[in-house]
Amino acid sequence: MLAEEYERRRTPPPHVRRRPEPEPPFSYTVREAVEADLPHVREIYNHYVANSTVTFDESPWSLTDVRTKLARVRELGYPFLIAEAPGGTVLGFAYVMPWKEKAAYRFTVENSIYLGPASTGKGLGTALMRELLERAEAAGVKEVIAVIADRGAEGSIALHERFGFTQTGSMGRVGFKFGRWLGVVMMQRSLGRRGRARASKH
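The present account deals with the structure reproduced in this document. (Residues numbered from 1 in each chain as written. Predicted model: local features only at pLDDT ≥ 70, side-chain atom pairs only at ≥ 80, totals over all residues. Heavy atoms only, no water.)

### Side note on the layout of surface pockets
Estimated volume of the largest pocket: approximately 1,100 Å³. What lines the largest pocket is a set of 40 residues, among which Val 54, Ser 112, Ile 113, Tyr 114 and Ser 156 lie closest to the centre. Those elements that place two or more of their residues in the lining of the largest pocket are helix 2 (38-51), strand 3 (90-98), strand 4 (108-115), helix 4 (124-138), strand 5 (143-149) and helix 5 (154-162). Its residues assigned to classes, the lining of the largest pocket shows 21 nonpolar, 12 polar and seven charged. (1 Å grid on protein atoms, 1.4 Å probe; cavity = no way out; pocket = protein on both sides within 12 Å on 5 of 7 lines; lining within 4 Å. Points joined across faces, edges and corners; volume = space filled by probe spheres on them. Helix = DSSP H or I, 4+ residues; strand = E, 2+ residues; numbered from the N terminus. Nonpolar A, V, L, I, M, F, W, Y, C, P; charged D, E, K, R; others polar.)

### What to know about the packing of aromatic side chains
Two descriptors summarise a pair of aromatic rings, namely the distance from one centre to the other and the angle between the planes of the rings. Tallied over the entire structure, the rule returns 11 aromatic pairs. An angle of 55° between the planes, with centres 5.5 Å apart, marks the rings of Phe 26 and Tyr 28 as tilted. An angle of 80° between the planes, with centres 5.0 Å apart, marks the rings of Tyr 45 and Tyr 114 as edge-to-face. Of this pair, Tyr 45 sits in helix 2 while Tyr 114 is found in strand 4, placing the two residues 69 residues apart along the sequence. Taking relative accessible area as the criterion, Tyr 114 reaches 12% and is therefore assigned buried. Clustering of aromatic rings is evident, with ring pairs tying together Tyr 45, Tyr 48, Trp 61, Phe 80, Phe 93, Tyr 95 and Tyr 114. The ring of Trp 99 carries Lys 100 above its face, with NZ or CZ at 5.2 Å from the centroid. (Phe/Tyr/Trp six-rings, centres within 6.5 Å; stacked < 30°, edge-to-face > 60°. Buried < 20%, exposed > 50% of the residue type's maximum accessible area, 1.4 Å probe, protein only. Lys NZ or Arg CZ within 6 Å of the ring centre and 35° of its normal.)

Right, dumping it as structure tokens:
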């Protein structure tokens, strides 16, 4: 008997085959970060350090780096958010930090959103952005700046545009990573009544 004929006879007909279990729906909760999340935050971020130009960092974060950043965000009363799966897996994170340290910039922040590689393309970035902007506004933030790589970050630019960010400028050849020069796109969104009016046009 030919091998092909054997396989055909051995395989049950379609109407008696066991159907594969459906994948569980993609679900998550968004909450404030706690100390236990920091190793997962570091792992997600360091994936992008090693494999992409969406961050210009070339050295991976240490736990001390992440702990210092979380402490600074908390000190300022700003949001540092975690997206968590029902089983406790950290799927992504988002936070804002002062855009500049000079006192006159105290109402302006820069935002950051990073998703685990398996969590992209499922609406998680949208959920984190929405919650981040709401909480930043509640914390007294007036302007949010996004500094986005001009290569390999088209999804991030589109996400910001959907939330009413507008491009305010660009700079070419300001970063050098993986043996090539990179630029950045600058985007901005006002919070409060003015920001909501701008976002409603998109």
